[in-house]
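Architecture and fold: a report
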Amino acid sequence: QKDWYASCDEAEQKTIGDCSYFTFQVMSILYPIVLVILFLVGSAWSINALWFVLLGGLWLVQTLTYQLRNYWLQHVKPNR
């Protein structure tokens, strides 16, 4: 994937970045909606708590990945 991204020109890299950010925005809205639906379904019927853990874990991974990459790009990479 690094070789593929490095082979893209600046316009393609910007498009990839824009698509990635759009996906991040959509998923940041979708995760809480699905979590609320799970809470509603869980209050009406008995569902496994693993679904809550799985959804929360995916949301956490997405958010941490975004935040850690942002920190690295702003603080670590410029110092090299």
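Keep in mind that what you see is a predicted model, and the values were worked out from it rather than measured.

1. Concerning the overall build of the protein
Across its full length, the protein holds three helices and zero strands. For the protein, the N- to C-terminal ordering of α and β elements is α-α-α. Each principal axis of the C-alpha distribution contributes one length, and for the protein these read about 50 × 25 × 20 Å. Burial status across the protein gives 8% buried among its 80 residues. On the protein, roughly 6800 Å² of surface is accessible, and the fraction owed to carbon and sulfur atoms is 67%. Looking at the protein, you have 5 positive and 5 negative side-chain charges, and the mean spots of the two groups are 12 Å apart.

2. Some remarks on the environment of Tyr5
Along the chain, the position of Tyr5 falls in helix H1 (residues 2-7). Once the C-alpha coordinates of Tyr5 and Ile16 are considered, the two residues, 11 residues apart in sequence, prove to be 8.8 Å apart. In this structure Tyr5 touches Gln13 and Ile16, once residues within four positions along its chain are discounted.

3. A word on the environment of Leu50
As for its placement among the helices and strands, Leu50 is situated in helix H3 (residues 50-76). Residues Leu50 and Leu60, spaced 10 residues apart in sequence, show a C-alpha to C-alpha distance of 15 Å.

4. A few points about the packing of aromatic side chains
Per the counting criterion, the structure on display carries three aromatic pairs. For the pair Tyr31 and Trp59, a centre-to-centre distance of 6.1 Å together with 20 degrees between the ring planes defines the contact as stacked. Here Tyr31, found in helix H2 (residues 10-44), pairs with Trp59, found in helix H3; they are 28 residues apart in sequence, far enough to count as distant. The class for Tyr31 is buried, based on a relative accessible area of 11%.

5. Notes on the pattern of salt bridges
For the structure on display, the rule yields one salt bridge. Linking Lys14 and Asp18 is a salt bridge whose minimum nitrogen-to-oxygen distance equals 2.9 Å. In this pair, Lys14 and Asp18 both sit in helix H2, four residues apart, roughly one turn of the helix. The exposure class of Asp18 is partly exposed, given its relative accessible area of 42%.

6. So, H2
Taking 1.5 Å as the rise per residue, H2 with 35 residues should run 51 Å; its terminal C-alpha atoms sit 51 Å apart, in good agreement. On its buried face, H2 is in contact with H3.

Calculation criteria
Residues numbered from 1 in each chain as written. Predicted model: local features only at pLDDT ≥ 70, side-chain atom pairs only at ≥ 80, totals over all residues. Heavy atoms only, no water. Helix = DSSP H or I, 4+ residues; strand = E, 2+ residues; numbered from the N terminus. Buried < 20%, exposed > 50% of the residue type's maximum accessible area, 1.4 Å probe, protein only. Areas by Shrake-Rupley, 256 points an atom, 1.4 Å probe, with all protein chains shown as cover. Lys, Arg positive; Asp, Glu negative; His and termini not counted. Charge placed at Lys NZ, Arg CZ, Asp CG, Glu CD. Contact = heavy atoms within 4.5 Å. Phe/Tyr/Trp six-rings, centres within 6.5 Å; stacked < 30°, edge-to-face > 60°. Salt bridge = Lys/Arg side-chain N within 4 Å of Asp/Glu carboxyl O. Expected span 1.5 Å × (residues − 1).

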